[in-house]
Amino acid sequence: QVQLVESGGGLVQAGGSLRLSCAASGRTFSSYAMGWFRQAPGKEREFVAGIRWSGSRTVYVDSVKGRFTFSRDNAKNTVYLQMNSLKPEDTAVYYCAARKDYSETYYERSEYDYWGQGTQVTVSS
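So, here is what we can say about the structure in this document. On a predicted model such as this, the values are computed, not experimentally measured, just so you know.

## A short note on the pairing of strand β7 (residues 68-73)
Two faces make up the sheet, and in a regular strand the side chains alternate between them.
Here is step 1 of the chain: Alternating positions in β7 separate cleanly, F68, F70 and R72 being buried on one face and T69, S71 and D73 remaining unburied on the opposite face.
Here is step 2 of the chain: Here six bridges tie β7 to strand β8 (residues 78-83), and the two strands are oriented antiparallel to one another. Considered in β8, the bridge of S71 is made with Y80.
Here is step 3 of the chain: What sits between β7 and β8 in their antiparallel hairpin is a turn of four residues, with N77 showing a positive phi close to 55°.

Dropping the structure here:
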């Protein structure tokens, strides 16, 4: 069982930065791949970024490449999403998620077993 708690959301102006954190419980955290997803009002939850259990591989949706950085600290059972050059279209509730690291389809929402409660990110123009 893994429990996930996100933090770090808030209101920021376009061009600004935020860092989201996701703290995980459970001794097996380091064996899990992690993902960040987001959901804007009226839209489906979409993949943002994924990271291998070791942190050695990260993948991003095209719209955030070069602006967002996904990292993890297994000693602290925490993952981070550094978001720079934020745009109004990045406004959404951001969720972290965990799954066993058996494939590299990090974008596949249905493969994640555990989800956090979400944190709101609002980017004003």
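Let's pick the thread back up.
## Notes on the environment of A49
Here is step 1 of the chain: Turning to its location among the elements, A49 is positioned in strand β5 (residues 46-51).
Here is step 2 of the chain: For A49, a relative accessible area of 0% corresponds to the buried category.
Here is step 3 of the chain: Spatially, the C-alpha atoms of A49 and M34 are 8.5 Å apart, while their sequence positions differ by 15 residues.
Here is step 4 of the chain: Leaving out residues up to four positions away in the same chain, A49 has contacts with M34, G35, W36, V59, Y60, F70 and L81.

## Comments concerning unusual backbone geometry
When glycine is set aside, most residues are seen to have a negative phi, and most peptide bonds are trans.
Here is step 1 of the chain: You will see that N77, though not glycine, has its phi angle at about 55°, which is positive.
Here is step 2 of the chain: For N77, the location among the structural elements is in the loop between β7 and β8.
Here is step 3 of the chain: A relative accessible area of 21% means that N77 is categorised as partly exposed.
Here is step 4 of the chain: Its identity as a non-glycine residue notwithstanding, S85 has a phi of 50°, on the positive side.
Here is step 5 of the chain: Tracing the chain through its elements places S85 in the loop between β8 and β9 (92-100).

Analysis parameters
Along each chain, numbering runs from 1 in the same order as the chain's sequence is written. Where totals are concerned, whole chains, interfaces and linings use all residues; where local detail is concerned, this predicted model gives features only for residues with pLDDT of at least 70, and gives and counts side-chain atom pairs only at 80 or more. For side-chain calculations, the full set of non-hydrogen atoms in the structure is used, while hydrogens and water are omitted. When accessible area is computed with a 1.4 Å probe and restricted to protein chains, residues below 20% of their type maximum are described as buried, those above 50% as exposed, and intermediate ones as partly exposed. Here a strand is any run of E in DSSP of at least two residues, a helix any run of H or I of at least four, and the numbering for each starts at the N terminus. Here, a strand pair is defined by DSSP locating no fewer than two bridges between the strands. Contacts are assigned to residue pairs that have any heavy atoms within 4.5 Å of one another.

Purely spatial values, then, with no claim about function.
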